[in-house]
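Here is how the chains run, residue by residue.
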Amino acid sequence: AKTGLWWQSATGYQIYPRSFCDSNGDGVGDIPGIISKLDHLRDLGIGFIWLSPVYTSPMADNGYDISDYRNIAPEFGTLEDFDRLVSEAKARGIRIVMDLVVNHSSSEHHWFQAALASRSAPEYDFYIWRDAAADGGPPNDDQASFGGPAWNWVPEVGKYYLGIFSPEQPDLNWQNPALRAEIYEMMNWWLDRGIGGFRMDVISLIGKDIDAGIYEEGPYLHEFIQEMHRETLAGRDVLTVGESWSVSPETALLYCGRDRGELDMLFQFNHVTAFQDEVDSKWKPKPFDLKRFKSVFATWQEVMAEDGWNSLFLSNHDLPRQVSKYGDDKTFRVASAKMLATIIHLMKGTPFIYQGEEIGMTNVKFGRIEQFRDVETLGHYVKRVAAGMTPEAFIAGANINGRDNARTPMQWTAEAQAGFTTGTPWIEVNPNHDEINVATDRGDPNGIFENYRKLIELRRDLPIIVYGSYLSFAEDDPAVFAYLRELEGQRLAVVANFTAAPVEFDVPQALATDGVCLIANDAPRTALSGRITLKPYEAFAILQI
Ligand code: TEU
Ligand code: CA
């Protein structure tokens, strides 16, 4: 793989602007709020921010429905605020990676409005229209991600348009070269403002072939990404991260192989979908299985061993809080939060921290559907309850896996509304902010923040963490996650107990190591051999030089 690139030794931090910091008391986080917290991120040591969308939007999906790609939503600030964010971040060694949402626009975008107004407008063909079926119904039964049919009837046009997420998010027609040119021009406009790159929303959907029924990883996908690269990214020192829920180990290098001229890395979810492979399993979650989980990570480490690059994460704005999902958000919250961070951050790839993860924020427990805000949760509630699921059962599932878990406001202090806002937040603050907040955690030398800070620093300092090979151990052990990194005669052994009980671990000969303890969430260990007893959620890493 390529080496020596800034994003290979950097750690990313995702900000969901609506929930990060509200500077003016309207209950909605904003760009001036982000600027006011940049020192927190500088102290953490991150190299870039992935900023979830801040563009003008009616906010049907909190900004993943863009109505003006060249402006900032008024509730988030202005273009001047944005430019100030870029320069204030730069002054702290942090780049701003923007979210690029171009599989679909908002239905309020002027392109879509022009398309509705006239079938002869050039923008009409920027969207995907089909005739009704013989019975007047939609062309097929495809369902939108957020509930309801994917096809939407427009009487004035006399056709259906495609919205595979929601009717407010009409899919763009990438087959149209004029649309593609508009998108590339817009990307260059942002790149010229000095941003650090793009995280590309559902990028694997843009090459779809509707008539063949292919949405994901369609026949035009790589042709379009290569064209995008030529027209916008080539010759610029920026980071590109492609989000995909469908990419597989077999197709991954098509996006980020060194000679492809496409993207730098993928943001893929195989460790999530491994447990959501049945209809409804998001709302009726399947039990965790460490063996399966480990094998997914081992596969992806292997796929990217010589080419391409991984992103490393357990959390984002679409997923539950990782300490609640994979750790223990009660008795062992601090230990398990550190354990998860250690396992993820010492793999090969670029780690991403989701806001609040660095202090071990947890899932929220809502009791009533009125407390939820997420378009996906609300859409599926209607759909599942109509299909016979009880509201209680749905809410129980949403409390475990729903997207609002990650979207409750960032917990800065123990004060009212967690110091997020002086007003009424757009979504309720997690009541546990009196205990879990930045001020408390950072005040503790054994806090979770300090553990993350150290991991980020280690990655910046040690090439073995960035470039070392990855070898997994204990593949059949249901409780222990263990791997070895190796680079030019150096060895780094990483071991963790993924359970709330003590476990005995017979260290395989080839993993045995002694040297310096780089990080530990319990008493430091400098030797690894024979039979050891790991404390609940214990994790450590030993470097042998
Ligand atoms: O998510 C991609 C996506 O496919 C989601 O619908 C995902 O399946 C779901 O969130 C899992 O619960 C991206 C964005 O990250 C998400 O926030 C947007 O809602 C979506 O695209 C549409 O833009
Ligand atoms: Ca605000």
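Residues numbered from 1 in each chain as written. Chains lettered and ligands numbered in written order. Predicted model: local features only at pLDDT ≥ 70, side-chain atom pairs only at ≥ 80, totals over all residues.

Chemist: Could you give an account of the sheet that holds strand 14 (residues 469-473), with specific residues and numbers?
Modeler: Ordered in space as 14-15-16-22-19, the five strands form an open sheet in which the pairing is antiparallel. The open sheet has two edge strands with one neighbour each: strand 14 and strand 19 (516-520). In this sheet, adjacent strand axes meet at a mean angle of 20° when their direction is disregarded. Relative to strand 22 (residues 539-544), strand 16 (residues 490-497) runs antiparallel, the two being bridged by six bridges. Paired with Val-494 across the two strands is Ala-541, which belongs to strand 22. (Pairing = 2+ DSSP bridges. Helix = DSSP H or I, 4+ residues; strand = E, 2+ residues; numbered from the N terminus. Axes fitted to C-alpha atoms, helices over the stretch in contact; angles between N-to-C directions.)

Chemist: Lay out the nonpolar core in plain terms, naming residues and giving numbers.
Modeler: The biggest cluster of nonpolar side chains holds 146 residues, and the ones touching the most others in it are Ile-49, Val-97 and Ala-541. Looking at which element gives the most residues to this core, the answer is helix 12 (residues 333-345), with eight residues. Excluding its chain neighbours within four sequence positions, the residues that come into contact with Ile-49 are Tyr-13, Ile-15, Leu-41, Ala-89, Ile-94, Ile-96 and Val-97. Counting eight residues, the second largest nonpolar core, distinct from the first, contains Trp-283, Val-364, Phe-366 and Tyr-381. (Core = buried A, V, L, I, M, F, W, Y, C linked by C-beta atoms within 7 Å. Buried ≥ 20, exposed ≤ 12 C-beta atoms within 10 Å, placed from the backbone. Contact = placed C-beta atoms within 7 Å.)

Chemist: Before we move on, could you go through the pairing of strand 15 (residues 480-487) and cite the residues and values that matter?
Modeler: Side-chain positions along a regular strand alternate between the two faces of the sheet. With six of eight residues buried, strand 15 lies mostly within the body of the structure. Hairpin geometry of strand 14 and strand 15 is characterised by an intervening segment of six residues between the two adjacent antiparallel strands and by a positive phi of about 55° at Ala-474. Sheet analysis places strand 15 next to strand 16, joined by eight bridges and oriented antiparallel. Residue pairing for strand 16: Ala-482 is matched across the bridge by Val-495.

Chemist: So what about the sheet that holds strand 7 (residues 151-154)? Which residues, and what values?
Modeler: Pairing within the open sheet is antiparallel, and its three strands lie in the order 6-8-7. A single partner strand is all that each edge strand has here, and the edge strands are strand 6 (129-130) and strand 7. The sheet contact formed by strand 7 and strand 8 (residues 159-162) spans four bridges and is antiparallel. Residue pairing across strands places Trp-151 opposite Leu-162, the latter belonging to strand 8.

Chemist: Tell me about helix 14 (residues 391-401), and please be specific about residues and values.
Modeler: In an α-helix there are 3.6 residues to a turn, and that puts residues three or four apart on one side. Restricting attention to buried positions, one finds in helix 14 the residues Phe-394, Ile-395, Gly-397, Ala-398 and Asn-401. Buried positions in helix 14, seen along its axis, are confined to an arc of 160° and lie on one side of it. (Arc of directions from axis to C-beta.)

Chemist: So what's going on with the packing of helix 6 (residues 177-191) against helix 7 (residues 221-233)? Which residues, and what values?
Modeler: The interhelical angle for the contact between helix 6 and helix 7, taken along N-to-C directions, is 45°, at an axis separation of 9 Å. The orientation of helix 6 with respect to helix 7, classified from their angle, is oblique. In the packing of helix 6 onto helix 7, the handedness of the crossing is right-handed. Contacts from Arg-180, Tyr-184, Met-187, Asn-188 and Leu-191 in helix 6 reach Phe-224, Glu-227, Met-228, Glu-231 and Thr-232 in helix 7. Within the contact of helix 6 with helix 7, the residues separate by chemical class into five nonpolar, two polar and three charged. (Parallel < 35°, antiparallel > 145°, perpendicular 65-115°, else oblique. Left-handed = near helix turned anticlockwise from the far one by under 90°. Nonpolar A, V, L, I, M, F, W, Y, C, P; charged D, E, K, R; others polar.)

Chemist: A description of the domain arrangement of the protein chain should follow, citing residues and the corresponding values.
Modeler: Its domain assignment divides the protein chain into domain 1 (1-96 + 316-340 + 349-364 + 408-465), domain 2 (110-162) and domain 3 (468-544). Between domain 1 and domain 3, the C-alpha centre-to-centre distance is 29 Å. Listed as interface residues are 15 residues of domain 1 and, on the opposing side, 13 residues of domain 3. Among the elements of the structure, helix 12, helix 16 (448-461) and helix 17 (463-467) are those that each provide at least two residues to the side of domain 1 that touches domain 3. (Domains from an automatic or database assignment.)

Chemist: Provide a residue-level description of the environment of Phe-20, including the pertinent values.
Modeler: For Phe-20, the position within the fold is in the loop between strand 1 (12-15) and helix 2 (31-36). Given 23 C-beta atoms within 10 Å, Phe-20 falls into the buried group. Each C-alpha atom of the pair Phe-20 and Asp-30 lies 7.5 Å from the other, and the pair is 10 residues apart in sequence.

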